[in-house]
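Take a look at the letters that make up each chain.
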Amino acid sequence: MVLVKNKSWIIGTLVMSILLSACSGGFEGNMERDLGAFSYQNQQNETVELSDIKGTPALVNFIFTNCETVCPPMTFNMTEIQQAIEAEGIEDYRILSFSVDPENDSPEALQEFMSSYSLNENKWDFLTGYTQEEITEFAMESFQAIVADDPESDQVIHGTSFYLVDKEGTVVKNYDGISDVPIDEIVSDLKAVANE
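The shown structure was predicted, so the numbers you read here are calculated from the model rather than taken from an experiment. (Residues numbered from 1 in each chain as written. Predicted model: local features only at pLDDT ≥ 70, side-chain atom pairs only at ≥ 80, totals over all residues. Heavy atoms only, no water.)

> What is the right way to read the pairing of strand β6 (residues 124–127) from this model?
In β6, alternate side chains face the same way, and those of Trp124 and Phe126 on one face and Asp125 and Leu127 on the other are all buried. For strand β5 (residues 94–99) and β6, the ladder comprises four bridges, and the chain directions are parallel. Bridge pairing links Ile95 to Trp124 in β6. Once the chain exits β5 it traverses helix α4 (residues 107–114) before rejoining the sheet at β6, and the crossover so formed is right-handed. (Buried < 20%, exposed > 50% of the residue type's maximum accessible area, 1.4 Å probe, protein only. Helix = DSSP H or I, 4+ residues; strand = E, 2+ residues; numbered from the N terminus. Pairing = 2+ DSSP bridges. Right-handed = clockwise from strand over helix to strand, strands pointing away.)

Take a look at the structure:
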């Protein structure tokens, strides 16, 4: 017989696992959700707005710098996608990584986080400068993605998908950002929306 001293920890872990599995994985078909207006700060403390990316396809994900699980592999996977995009000679694209822990993720913290990866910073913005409530609402409304504080730790529960946004600012597709990341498919889809 196994005694469980902290039932809330087990329940929290189960809920987090269910939420993450519900949010991750590829999406077959068309999402057709508008990205929605935003105006946030990037790792250089520059303002990035929806109008800055309109007319350019973008890949989007959600991360935070204190993440102990999914964010480092997700960010590494996105760097591989970026390298594949650039190997194809595609120049018309952006990558946006929204922090789900804006209280702790200052532009300086995001700059330090991204310095661990080999990436083209000219095409990739790590974003912050909003409240926890704002990013929770933004993620749900624009991406149907869950962002929630984990009550048992300093971690934040969030989905692990990568999202493709077309030139009109519409979220059109998502992909698994952790395992079996379909790099070739993502590059092909990005190229297709860039040429529309």
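> Could you clarify how one ought to interpret the confidence of the model for the protein chain in this entry?
If pLDDT is low for a region, its predicted coordinates should not be looked at in detail. Chain-level pLDDT for the protein chain is 86 on average; 84% of the residues reach the 70-or-more range. For residues 1–29, every residue scores under 50 in pLDDT, and the model assigns this stretch 27 contacts once sequence neighbours within four places are set aside. (pLDDT = per-residue confidence, 0-100. Contact = heavy atoms within 4.5 Å.)

> For this particular structure, what's the right way to read helix α3 (residues 71–87)?
Working note: α-helix, 3.6 residues per turn, so residues spaced by three or four point in the same direction. Taking 1.5 Å of rise per residue, 17 residues should cover 24 Å, and α3 covers 24 Å from first to last C-alpha, within 8% of that figure. When α3 is considered as a whole, its buried residues turn out to be Cys71, Met74, Thr75, Asn77, Met78, Thr79, Ile81, Gln82 and Ile85. Gly89, located one to two residues past α3, shows a positive phi value of around 80 degrees. (Expected span 1.5 Å × (residues − 1).)

> So what exactly am I meant to see when it comes to the environment of Thr69 here?
Among the structural elements, Thr69 can be located in the loop between β4 (58–63) and α3. Taking C-alpha positions, Thr69 is 9.3 Å from Gln155, a pair spaced 86 residues apart along the chain.

> Would you mind going over the sheet that holds strand β9 (residues 161–165) with me for this structure?
Two modes of strand pairing occur in sheets, parallel and antiparallel, and in both the strands are linked by backbone hydrogen bonds. Ordered in space as β1-β10-β9-β4-β5-β6, the six strands form an open sheet in which the pairing is mixed. Two strands in the sheet have a free side with no partner beyond their single neighbour: β1 (33–34) and β6. By the bridge criterion, three bridges tie β4 to β9 in an arrangement that is antiparallel. If you follow Val60 over to β9, its bridge partner there is Tyr163. Packed on one face of the sheet, α3 meets β4, β5, β6 and β9 and runs near 165 degrees to β4. Sheet contacts for helix α6 (residues 183–194): β4, β9 and β10 (170–176); angle to β10, the most-contacted strand, approximately 170 degrees. (Axes fitted to C-alpha atoms, helices over the stretch in contact; angles between N-to-C directions.)

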